Amino acid sequence: MKTLTVVPLCVLVILCLSSGSEASSALDLLRETAVSWAGGSLPCGGWDCECAFRRQQGCCCAAKPLFDLEEAIFMRMVGLWDGLSRLNNQVQEVTAGSRIAFTATMLPTARCLGPFTSNMSISYQSVSLNQGSGYNPALGTFTAPHAGLYSFSFTAYSRVGDADRLYQKVQLLMNGQVIASSWEDNREDSEDCSTQTVLLQLRRGCQVYVELLSGRQLCGDAQGNNAFSGYLLYPSTEE
Ligand SMILES: *[C@@H]1O[C@H](CO)[C@@H](O)[C@H](O)[C@H]1NC(C)=O
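Residues numbered from 1 in each chain as written. Predicted model: local features only at pLDDT ≥ 70, side-chain atom pairs only at ≥ 80, totals over all residues. Heavy atoms only, no water.

Draft legend 1. Expanded view of the environment of Tyr209. Among the structural elements, Tyr209 can be located in strand 11 (residues 207-212). Residue Tyr209 is classed as buried on the basis of its relative accessible area, which comes to 16%. Put simply, Tyr209 and Asn136 are 73 residues apart on the chain and 9.9 Å apart in space, counted from C-alpha to C-alpha. (Helix = DSSP H or I, 4+ residues; strand = E, 2+ residues; numbered from the N terminus. Buried < 20%, exposed > 50% of the residue type's maximum accessible area, 1.4 Å probe, protein only.)

Draft legend 2. Geometry of the site of the ligand. Every residue lining the ligand is accounted for by Asn119, Gln171, Val178 and Leu213. Measuring from an oxygen atom of the ligand, one finds a side-chain N or O atom of Asn119 at 2.4 Å. The contact in question runs from an oxygen atom of the ligand to an N or O atom on the side chain of Gln171, over 2.9 Å. If the ligand stood free it would expose 360 Å²; the protein chains cover 35% of that surface. Within the shell around the ligand, the residues separate by chemical class into 2 nonpolar, 2 polar and no charged. (Near = heavy atom within 4 Å. Polar contact = N/O pair within 3.5 Å; in protein donor to acceptor, adjacent residues only side chain to side chain. Areas by Shrake-Rupley, 256 points an atom, 1.4 Å probe, with all protein chains shown as cover. Nonpolar A, V, L, I, M, F, W, Y, C, P; charged D, E, K, R; others polar.)

Draft legend 3. Highlighting the sheet that holds strand 10 (residues 191-202). One open sheet accounts for 5 strands, arranged 4-1-13-7-10; its pairing is antiparallel. Strands at the two margins of the open sheet, each flanked by one partner only, are strand 4 (126-131) and strand 10. The average angle at which neighbouring strand axes cross in this sheet is 10°, direction not considered. Sheet topology places strand 7 (residues 148-159) next to strand 13 (residues 227-235); 8 bridges connect them, and they run antiparallel. Paired with Ser153 across the strands is Ser229, a residue of strand 13. (Pairing = 2+ DSSP bridges. Axes fitted to C-alpha atoms, helices over the stretch in contact; angles between N-to-C directions.)

Draft legend 4. How the structure looks around the confidence of the model for the protein chain. With 77% of its residues at a pLDDT of 70 or more, the protein chain shows a mean pLDDT of 82. Here helix 1 (residues 2-17) is the element of the protein chain with the lowest mean pLDDT, 42, and strand 11 is the one with the highest, 98. Low confidence marks residues 1-19, where pLDDT is under 50. Its contacts with residues over four positions away, or in another chain, come to 24 contacts. Taken together, the stretch residues 43-48 has pLDDT below 50 and engages in 7 contacts with residues farther than four places along the chain or on a different chain. (pLDDT = per-residue confidence, 0-100. Contact = heavy atoms within 4.5 Å.)

In structure tokens form, the structure reads like this:
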């Protein structure tokens, strides 16, 4: 009587694991066999099956399909494992470089920066944050350590004496291309401040910096109001 309980168990196991047609034909055969079994020897037919249910060794009649099924499942698991490892590597690659942020301001001065005879990149030398070490205060340049979407802001501040004229223009560049600018040219007031924010999709190694345009000047920034900051909004795997 033990055989009767073993056969449904096998059926159950195959039911849980199978999806191929080979497995379902083995299942059919098992079911047929179980249904038609009358207590004598089993009609294992052409199966490679030296054992007999009589000897109560369970699924020996289905040994070959079960073995094939096991092989198929094993191969699928190997494939899944492969995929999982690749995914894991990608996740690590993405998250490893995801802490990128910097903030820097110009050193306070009562005097003016500029005017120069050419566009001059501004080196914001007072660095209060530089996670990921993307910002170089000597050059004033941010170099993307990782590909992704970045946010950048810069503030242009200038204060001139009553007799003087506000004449400032700064621009943010990505790899030499002007992305955004901010300017003043008036005698109506003597102090002004403006901020620009841009989102940029950067590849690794892309450079972003801020320039003071030739002939213009930033004056009287006694508190380091001129600032440049940026951070990685989210990384991308594209390099
Ligand atoms: C300086 O910037 C201005 C404005 O973007 C541009 O027209 C000019 O060609 C630049 N000068 C140089 C030398 O790159």
